[in-house]
Amino acid sequence: MKRLTSISCALSLLGATLFSCSETVKTRSHERFTDGWAFALTDTLDAYEADFDDSNWRVLNLPHDWAIEGDFSPENPSGVGGGALPGGMGWYRKTFHVSEEDLKGRVYLQFDGIYMNGAVFVNGIKEGQRPYGYSSVIYDVTPDLKPGNNVVAVKVDNTDQPNSRWYSGCGIYRNVLLTKTDNIRVAPWGTWIRTPLVNKAKADVLITTTICNSNPYGVDVDVHTVITDNNGIKVASEVGTLHVDAEGQADINQSIRIANPRLWDVDDPMLYTAHTTLKVGSTTLDNYDTPFGVRSFYFDPTNGFILNDRPLKLNGVCLHHDLGCLGAAINTRAIERQLQMMVEMGANAVRCTHNPPAPELLDLCDKMGLLVIDESFDMWRRPKTERDYARFFDEWHERDLTDLIRRDRNHPSIIAWSIGNEVLEQWDETSTQTEDAQQANIDVAMGRGAKNSASDQLSPGSLLTRQLVEIVRKADPTRPVTAGCNAAEPSNNLFKANALDLIGFNYHNDNFDSVPYLFKNKPFYVSESNSALMTRGYYKMPSTKTFIMPKDWMFSSDDPSVSCSSYDNCHVPWGSSHERTMIQVRDNNFISGQFVWTGFDYIGEPTPYKWPARSSYFGIVDLAGIPKDAYYLYQAEWQSEKTVLHVFPHWNWKPGEEVDLWCYYNNADEVELFINGKSKGVQSKNKNMLHAFWRVNFEAGECRVVSRKDGKQVAERIINTADRPAAIRLTPDRQKIHADGDDLCFVTVEVVDKDGNLCPNAQNLINFKVEGVAQIEGVDNGCPFSLERFKDDKRKAFYGKCMVVLRSNGKPGNARIVASSEGLKTSELTFNCLTDETY
């Protein structure tokens, strides 16, 4: 079954107008099954029966995360490591209609993610239950349906906490699809496309299609496959015939050659589509579309990552799955905005940490040219927190891992499968198991109590590594298998298994140079780097001093500011500065690249602090989606198309106070600082220091920096000393959005003085009022220790800024937001919500 994403829909619909596989209409239908669900948060009801009265329940649309609607509390069982938000048990119910004609074929329900222990019932009959909250699951519900109205009920149980080292969310937090097919159809996730031969002249496309037959008789099926390019133009085709037994399934392999293929690449993410049509005689029974890309890649022990025959550094970031104030509830535009910001920063890769991602993220990476490491588990048999997935691992790991590979293996963006992150099976002995998820994060990162035997005999951890790698290779032998490891020695049980194709280190910068000698003929990349700590807008001087936080890894930091310096001078004991890792990766060809921990802040894991901190400090962008200063370091070094000149910090200090000024820049030889028109010197970065630096005494007025190349000015940046707060400035990410009920407008809110200068220390409470065809979806300010609710119509500014996220209500028209605060001039803006035809 193929989801209807914006990518596949556009290609399929366009392709249908340019070629014809059949004279009949398509029989496969998809419905996004997300509107009008009844919901109750309760652990006292069994609401699976079809005739259960849910008339008094709340009615909502999916995806939905009930935890993000709650209040922060240190008493919530998730703990601060899990975001300090509530868990519990919830029920969802929906009535839907099925015709007699539908029941002549098959009806599927697909749930892309339920956190966690999602049990699905149809008309009171249990279809199944999946403990792992990140697995997609498909149920053939046909036997339990009847003509007319039917009821699906879903029980979600996230009471048993802590079960995650970060915020998981609660509920049916990803999309749901209803698909109807004929009895003869392509199986769910039933195509597998690979390209064994790729060059500029030709590409051989091998397509395996699994066909199911639910009829009580065997049948010969003609399989027509047509490949179209991104304009819907037919480029190749193949027809084959397959016999499928009664109540059985069978595979057909088709090899199709594309002449002069346009290769999928980070700069040109070209997508083809394979249109599969099943016929018996002249009757069309099924149509199934699979987007894919044509590209070649491999990892080399000496030259790193090679894409389409050229070396390419993986400039990657790690991303957790939450979307800030939206919680875990998936929204395609919110994911797209995150990825767009990463691409504009210069990133070309994403590691999905530490669980299977939403399908929408992979669709977007395919479309945007982002490379992906698709990760399965954060733990295996040994738990990191007392109630985590380790309880279910033995029973479910093979099914969960196989389903992940089968669901995702047609995505050209995916370059490796990761079978785990910092699993405790790296060692023979560990002492990590705690109810405190935050302490577990530190214990795991430091390998607390970890020991390994000197024996050459394979440990249970090594044997399990081999088993997992075999599961992956059975489903997809075309991609390398890796794991994120924080034990960098060859004695690591995962390495001793000699089964991983890629060596991935989490941190351990001091060990990078030894990799070619200790892991001969093994490609290497930095699976997780830095864990640098920053609070947007907060600066701790002297900037030349490195602050290791926490000082002792067994304890959290007690700094009363609950903040971390936004100079690149603060990181965890096991981590590194951004600049250090960037230089190491740049200067060593054998290092394929790095994945920075993390691209965005995320809810939970507030290292180095505990309560009242409740979200992370690791991000290059804060939780509200506002860049920190390090964003511009990466933008200056990872890309050159956009000229960068970023000066920080602000220019509001005490008279005469000594201030360290930093500057990230590119496309220039030098930068010069002027304070109130007087030069404070010319500076240049070098290969070992990627920023310019001045130490000056503050005087109110104008701070101006000019960059030059060959003596000619390239760019100029001015920061003025701000007066007292006077007004509010609203800046939308887009002036128009889709009127589809899902699209979002992210509005950056700034407190400014009478001249429009940002007030860098403002904390004013901003109130929001929305009129027209939009509503407030969430508010945030990026403060990791704010205990304000995410679902609200107000927010305090944090270092002068906050964010309000507005959602289309599904109707076309204008939306108007008004922002007000006591003592400040009110601000408003209007944006448009347009239909697809007018967008």
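What you see is a predicted model, and the numbers here were worked out from it, not measured in a lab.

### Some points on the environment of D559
- On the secondary structure map, D559 appears in the loop between β28 (547–548) and β29 (570–571).
- Taking the C-alpha atoms as reference points, D559 and S135, separated by 424 residues in sequence, lie 39 Å from one another.
- Setting aside chain neighbours within four positions, we find D559 in contact with K540, M549 and Y609.

### Quick notes on the pairing of strand β24 (residues 414–421)
- Extensive coverage of β24 is indicated by the burial of 8 of its 8 residues.
- A crossover links strand β23 (residues 371–375) with its parallel partner β24, the connecting element being helix α4 (residues 393–408), and its sense is right-handed.

### Overview of the sheet that holds strand β35 (residues 692–697)
- The sheet built from 3 strands is open, its strands ordered β31-β32-β35 with antiparallel pairing. The sheet is open, and its two borders are formed by β31 (645–648) and β35, each paired with just one other strand. For this sheet, the mean inter-axis angle between neighbouring strands, taken without regard to orientation, is 20°.
- Two strands pair when backbone bridges link them, and strand β32 (residues 658–665) and β35 are joined in this way by 6 bridges, in the antiparallel orientation. Its bridge partner lying in β35, W662 is registered against F693.
- Most of the contacts of helix α10 (residues 630–638) go to β32, to which it runs at about 35°, and overall it touches β31 and β32.

### Considerations on helix α2 (residues 332–345)
- Its 14 residues place the ends of α2 20 Å apart at the C-alpha level, agreeing with the 20 Å of an ideal helix rising 1.5 Å per residue.
- Among the residues of α2, those classed as buried are R333, A334, I335, R337, Q338, L339, M341, M342 and M345.
- Capping the start of α2, N331 holds a side-chain oxygen 3.0 Å from the backbone nitrogen of R333, two or three residues further along.
- Remark: G346 follows α2 within two positions and exhibits a positive phi of approximately 110°.

### A word on the sheet that holds strand β15 (residues 248–259)
- Judged by pairing direction, the sheet is antiparallel, and its 3 strands sit side by side in the order β11-β12-β15 without closing on themselves. Strands with a single pairing partner mark the edges of an open sheet, and in this sheet they are β11 (184–198) and β15. Between one strand and the next, the sheet's axes are offset by a mean angle of 20°, whatever the strand orientation.
- In terms of strand pairing, strand β12 (residues 202–213) meets β15 through 12 bridges, oriented antiparallel. Directly across from V205, in β15, lies its bridge partner I256.

### Describing the environment of G593
- Among the secondary structure elements, G593 is positioned in strand β30 (residues 591–597).
- Sequence separation of G593 and N315 is 278 residues, and the distance between their C-alpha atoms is 5.9 Å.
- Ignoring sequence-local partners within four residues, the contact set of G593 consists of L314, Y525, V526 and V585.

### Some thoughts on α10
- Burial within α10 is extensive, with 7 of its 9 residues counted as buried.
- Looking at the packing, one finds that the buried side of α10 touches β21 (314–319), α2, β27 (524–530), α9 (578–587), β30 and β32.

### Some remarks on the packing of α9 against α10
- For the pair α9 and α10, interaxial distance at closest approach is 11 Å and the crossing angle is 15°. Of the possible angle classes, the one that applies to α9 and α10 is roughly parallel. The handedness of the crossing between α9 and α10 comes out as right-handed. From α9, H578, E579 and M582 reach across to α10, where they touch A630, L633, Y634, E637 and W638.
- Grouping the amino acids of the contact of α9 with α10 by side-chain chemistry returns 5 nonpolar, 1 polar and 2 charged.

### Regarding the pattern of salt bridges
- For the coordinates displayed, the defined rule picks out 52 salt bridges.
- With a closest N to O distance of 2.8 Å, R93 and D54 form a salt bridge. Residue R93 is found in strand β4 (residues 88–98), and its partner D54 is found in the loop between β2 (37–41) and β3 (58–60); the two are separated by 39 residues along the sequence.
- Residue classification places D54 among the partly exposed residues on the basis of a relative accessible area of 22%.

### Side note on the packing of α2 against helix α3 (residues 359–368)
- For the pair α2 and α3, interaxial distance at closest approach is 10 Å and the crossing angle is 40°. Looking at the two axes, α2 sits oblique to α3. Relative to α3, α2 is oriented so that their crossing is right-handed. Here T332, I335, E336, L339, Q340 and V343 of α2 come into contact with α3, specifically with E360, L361, L364, C365 and M368.

### A look at the side chain of H354
- Tracing the chain through its elements places H354 in the loop between β22 (349–352) and α3.
- Of the polar contacts made by the side chain of H354, one reaches the side chain of E375; its length is 2.8 Å.
- Within the structure, H354 has its side chain in polar contact with the side chain of N421 (distance 3.2 Å).
- If near-sequence neighbours (up to four positions away) are discounted, H354 is found in contact with Y132, R165, W166, H320, E375, S376, F377, D378, N421, E528 and W597.

Parameters and conventions
All residue numbers here refer to positions counted from 1 along the written sequence of the relevant chain. Restriction of local features to residues with pLDDT of at least 70 applies here, the model being predicted, together with a cutoff of 80 or more for giving and counting side-chain atom pairs; totals for whole chains, interfaces and linings are based on all residues. Side-chain figures throughout are based on the complete set of non-hydrogen atoms in the structure, without hydrogens or water. Each helix corresponds to a stretch of at least 4 residues labelled H or I by DSSP, and each strand to a stretch of at least 2 residues labelled E; elements are numbered beginning at the N terminus. Two residues form a contact once any of their heavy atoms are found within 4.5 Å. Buried residues are those whose accessible area, probed at 1.4 Å on protein chains only, stays under 20% of the maximum for their type, while exposed residues exceed 50% and partly exposed ones sit between those limits. With the strands pointing away from the viewer, any crossover whose connection runs clockwise from the first strand over the helix to the second is right-handed. Two strands qualify as a pair provided DSSP detects at least 2 bridges between them. In this analysis an axis means a line fitted to C-alpha atoms, helices contributing only their contacting stretch, and an angle means the value between N-to-C directions, from 0 to 180 degrees. To estimate how far a helix should extend, the number of its residues minus one is multiplied by 1.5 Å. Whenever two N or O atoms come within 3.5 Å, that pair is a polar contact, provided that in protein one can donate a hydrogen and the other can accept it, and provided that, for residues adjacent in sequence, both atoms are side-chain atoms. Throughout, the term roughly parallel applies to angles under 35 degrees, roughly antiparallel to angles over 145, roughly perpendicular to angles from 65 to 115, and oblique to all others. Note on convention: the crossing is left-handed when the near helix lies turned anticlockwise from the far helix by less than a right angle, right-handed when the turn is clockwise. For this classification, Asp, Glu, Lys and Arg are treated as charged, while Ala, Val, Leu, Ile, Met, Phe, Trp, Tyr, Cys and Pro are nonpolar and the rest, including Gly, are polar. When a carboxyl oxygen of Asp or Glu lies within 4 Å of a side-chain nitrogen of Lys or Arg, that pair is called a salt bridge.

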